[in-house]
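Coordinates in review
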Amino acid sequence: MIAFDYDQDGKKDLLLCGNQLHARLRLGQYASNAGVLLHNDGKNTFRYIPQQLAGFQLNGEGKKYHHDR
């Protein structure tokens, strides 16, 4: 999970991502999460933004997208 100002409105939005490709063999991969963007309206409410509107789709392991902001 990363909190950052996606739309540059001064409020931190949330990007949730997952996927783990190196799970135990008997469990298999967890690879169905393409990312979830939650927009902060400034009133303690977050609204889901569909990936088509947000303009992104995470592929592969979520850890590779981590960066400090």
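What you see is a predicted model, and the numbers here were worked out from it, not measured in a lab.

1. Considering the nonpolar core
By size, the foremost hydrophobic cluster in this structure holds seven residues: I2, F4, L15, L37, I49, A54 and F56. Leaving out residues up to four positions away in the same chain, L15 has contacts with M1, I2, F4, V36, L37 and F56.

2. A word on the environment of G10
Structurally, G10 can be placed in the loop between β1 (2-4) and β2 (13-16). When the C-alpha atoms of G10 and N40 are compared, they prove to be 9.7 Å apart, with 30 residues separating the residues in sequence.

3. Regarding the pairing of β2
By the bridge criterion, three bridges tie β1 to β2 in an arrangement that is antiparallel. In the strand pairing of β2, I2 is matched with L15. The pairing of β2 with strand β3 (residues 36-40) spans three bridges and is antiparallel. For L14, the partnering residue across the bridge sits in β3 and is L38.

4. Describing the pairing of β3
On any regular strand, side chains alternate: one points to one face of the sheet, the next to the other face. Where burial is concerned, most of β3 is hidden: four out of the five residues are buried. Inspection of the sheet shows β3 paired to strand β4 (residues 46-49) by four bridges, in the antiparallel sense. Residue H39 lies in a different strand from β4, and its bridge partner there is R47.

5. A word on the pattern of salt bridges
Going through the model one piece at a time under the given rule, you end up with one salt bridge. One salt bridge in this structure joins D9 and K11, with 3.4 Å as the shortest N-O distance. Using a relative accessible area of 30% as the deciding quantity, one classes K11 as partly exposed.

6. Let's talk about the sheet that holds β4
Read across the open sheet, the four strands follow the order β1-β2-β3-β4; overall the sheet is antiparallel. Looking at the sheet topology across the chains shown, the edges are occupied by β1 and β4. In this sheet, adjacent strand axes meet at a mean angle of 25 degrees when their direction is disregarded.

Cut-offs applied
- Residues numbered from 1 in each chain as written.
- Predicted model: local features only at pLDDT ≥ 70, side-chain atom pairs only at ≥ 80, totals over all residues.
- Heavy atoms only, no water.
- Core = buried A, V, L, I, M, F, W, Y, C linked by side-chain atoms within 4.5 Å.
- Buried < 20%, exposed > 50% of the residue type's maximum accessible area, 1.4 Å probe, protein only.
- Contact = heavy atoms within 4.5 Å.
- Helix = DSSP H or I, 4+ residues; strand = E, 2+ residues; numbered from the N terminus.
- Pairing = 2+ DSSP bridges.
- Salt bridge = Lys/Arg side-chain N within 4 Å of Asp/Glu carboxyl O.
- Axes fitted to C-alpha atoms, helices over the stretch in contact; angles between N-to-C directions.

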